[in-house]
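Close look at the chain arrangement
So the chains spell out like this:
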Amino acid sequence: MTIRLNGEPFQLAGPVTVTDLLTQLGIDPRRVAVEHNITVVKRGAYDTTLVREGDEVEVVNFVGGGAR
Amino acid sequence: MSSTDPLVIAGRTFQSRLIVGTGKYPTFRVMQQAHEASGADMVTVAVRRVNLTDRSQESLLDFIDTTRLFLLPNTAACYSADEAVRTARLGREAGLSNWVKLEVIGDERTLFPDNEGLLDATRILVKEGFVVLPYTNDDPVTCRKLEEAGAAAVMPLGAPIGSGLGIQNPNNISIIKEFARIPVIVDAGVGTASDAAFAMELGADAVLMNTGIAGAQDPIAMAQAMKLAVQAGRLAFRAGRIARRRYATASSPLEGVVGR
């Protein structure tokens, strides 16, 4: 099953919850925000939001940046 | 001193009138020390995709004590209202508040704002309950429109981001402050301490900078210099400076000079 993850194709065995996807990627859910098909996923919904074939997922975090 | 003259934005009180960024430091450790030296209590952060291939990278948040520093996510490198709104929503979810430093960039070389997109994004985000701090240029009309759109502060640039050119249009900055009923934060272009002091002398409520500190040869020393400069400039502003005159007015009495 293929999804788009952070702009790139990504293979999954089958549909997974956002929680499971983050676990698979080794990402701490408390330090990121997740977008599923252009909608921000609330932290409380990670366990219940299912990622399916063709979905677009963005996982972001805070990085250094400022007025520059 | 600062506790009697705090900065208040959207009902939240800050002791420091210096806001700093987190980008372009040589190391996160230097960044942490510079933050400490600056006395800032709010720092800006960017929102970016997690690096999925290199999971060993240090995390920015390991070097920021969020119980002492307020995180202000920005929408840096967003070139449309849509991108900025999307990024702001993600920043809210990743962070600890609904505050956003809103940037909608109109030009790659100057990084000047796209004010149309900025106004659109401000209206959308204000409606969604965000506390919006928009980065804009030194145009009093745009600043007024942003205030009317519900921005919590306006952030006119001193000069292009990272340019270090200082306050290019001081008259406009003081006019913006005169018209505004929300805080005015000079954001971008500060190169050295005197620029920051000058911004505060013009009446700015705060100064936001990143490159001026992070890019200095000694960021920690410069952070301290900026802290003092913002304090000095604010004190000078409140002290009420003398008028500018074309000719001299003597400081010492004219009578009683020996031999006259």
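Attention in this report is confined to the structure presented alongside it. Just so it is clear, the model here is predicted, and its values are computed rather than measured.

This paragraph deals with the overall build of chain B. A count of helical and extended segments in chain B gives eight helices and 10 strands. Here chain B has a C-alpha radius of gyration of 20 Å; the compact-globule value for 260 residues is 18 Å, and the two agree. Each principal axis of the C-alpha atoms in chain B carries an extent, and together these give about 85 × 40 × 35 Å. A sequence separation of at least 24 residues applies to 61% of the contacts in chain B between residues at least 6 apart.

Moving on, we come to the overall build of chain A. Helix and strand counts for chain A come out as one helix and seven strands. Along its sequence from the N terminus, chain A presents helices and strands in the succession β-β-β-α-β-β-β-β. If one aligns the C-alpha atoms of chain A with their principal axes, the spans along those axes are about 40 × 25 × 20 Å. Buried residues in chain A amount to 35% of all 68 residues. Looking at chain A alone, contacts between residues at least 24 apart form 53% of all its contacts between residues at least 6 apart.

For the rest of this paragraph, the subject is the interface of chain B and chain A. Counting residues at the interface gives 34 residues for chain B and 22 residues for chain A. Residue assignment for the side of chain B that touches chain A shows that the elements contributing at least two residues are β4 (42–49), α2 (81–94) and β10 (206–209) of chain B. Examining the composition of the side of chain B that touches chain A, we find that six residues originate from one element, β4 of chain B, more than from any other. Partitioned by chemical class, the residues of the side of chain B that touches chain A number 18 nonpolar, nine polar and seven charged. Where strand β7 (residues 56–64) of chain A lies against β4 of chain B, five bridges are found, and the strand directions are antiparallel. Note that in β4 of chain B the partner of Phe 62 of chain A across the bridge is Val 47 of chain B.

Residues and elements named next belong to chain B. One can find Ala 149 in the loop between α4 (140–148) and β8 (155–156). You can call Ala 149 partly exposed: it has 19 C-beta atoms within 10 Å. Residues in contact with Ala 149, not counting those within four places in the same chain, are Leu 119, Thr 122, Arg 123 and Val 126.

Let us now look at the nonpolar core. Counting 96 residues, the largest nonpolar core has Leu 102, Ile 185, Ala 199, Ala 204, Val 207 and Met 226 of chain B as its most contacted members. Look past the residues within four positions of Val 207 of chain B in its chain and what remains in contact with it is Arg 17, Leu 18, Ile 185, Val 186, Val 190, Ala 196, Ala 199, Met 200 and Val 230 of chain B.

All names here are of chain A. If you trace the backbone, Arg 4 turns up in strand β1 (residues 2–5). Given 14 C-beta atoms within a 10 Å radius, Arg 4 is considered partly exposed. Between the C-alpha atoms of Arg 4 and Glu 53, which are 49 residues apart in sequence, the distance is 9.1 Å. Those residues in contact with Arg 4, other than ones at most four positions away along the chain, are Pro 9, Glu 56 and Val 57.

Moving on, we come to the packing of α4 of chain B against helix α5 (residues 170–179) of chain B. All names here are of chain B. At a closest axis distance of 9 Å, the pairing of α4 and α5 adopts a crossing angle of 30°. When the axes of α4 and α5 are compared, the pair comes out roughly parallel. Read as a crossing pair, α4 and α5 show a hand that is right-handed. In this structure, α4 contributes Pro 140, Cys 143 and Arg 144 to the contact, and α5 contributes Asn 172, Ile 175, Ile 176 and Phe 179.

On to the sheet that holds strand β7 (residues 131–136) of chain B, then. Residues and elements named next belong to chain B. Reading across the sheet, the three strands line up as β6-β7-β8 and stay open at both edges, with parallel pairing between neighbours. Lying at the two open borders of the sheet, with one neighbouring strand each, are β6 (99–102) and β8. Lying on the sheet, helix α3 (residues 115–127) is in contact with β6 and β7; it crosses β7 at an angle near 175°.

Residues and elements named next belong to chain B. When you tally the buried positions in β7, you get six out of six residues, the bulk of the element. The side-chain alternation of β7 yields two buried faces, one formed by Val 131, Leu 133 and Tyr 135 and the other by Val 132, Pro 134 and Thr 136. Bridge count between β6 and β7: four bridges; the pairing is parallel. Residue Trp 99 lies in a different strand from β7, and its bridge partner there is Val 131. In this region the chain leaves β6, passes through α3 and returns to the parallel neighbour β7; the handedness of that crossover is right-handed. Each parallel crossover has a hand, and the one from β7 via α4 to β8 is right-handed.

Definitions and limits used
- Residues numbered from 1 in each chain as written.
- Chains lettered and ligands numbered in written order.
- Predicted model: local features only at pLDDT ≥ 70, side-chain atom pairs only at ≥ 80, totals over all residues.
- Helix = DSSP H or I, 4+ residues; strand = E, 2+ residues; numbered from the N terminus.
- Rg over C-alpha atoms; globule rule 2.2 N^0.38 Å.
- Contact = placed C-beta atoms within 7 Å.
- Buried ≥ 20, exposed ≤ 12 C-beta atoms within 10 Å, placed from the backbone.
- Nonpolar A, V, L, I, M, F, W, Y, C, P; charged D, E, K, R; others polar.
- Pairing = 2+ DSSP bridges.
- Core = buried A, V, L, I, M, F, W, Y, C linked by C-beta atoms within 7 Å.
- Axes fitted to C-alpha atoms, helices over the stretch in contact; angles between N-to-C directions.
- Parallel < 35°, antiparallel > 145°, perpendicular 65-115°, else oblique.
- Left-handed = near helix turned anticlockwise from the far one by under 90°.
- Right-handed = clockwise from strand over helix to strand, strands pointing away.

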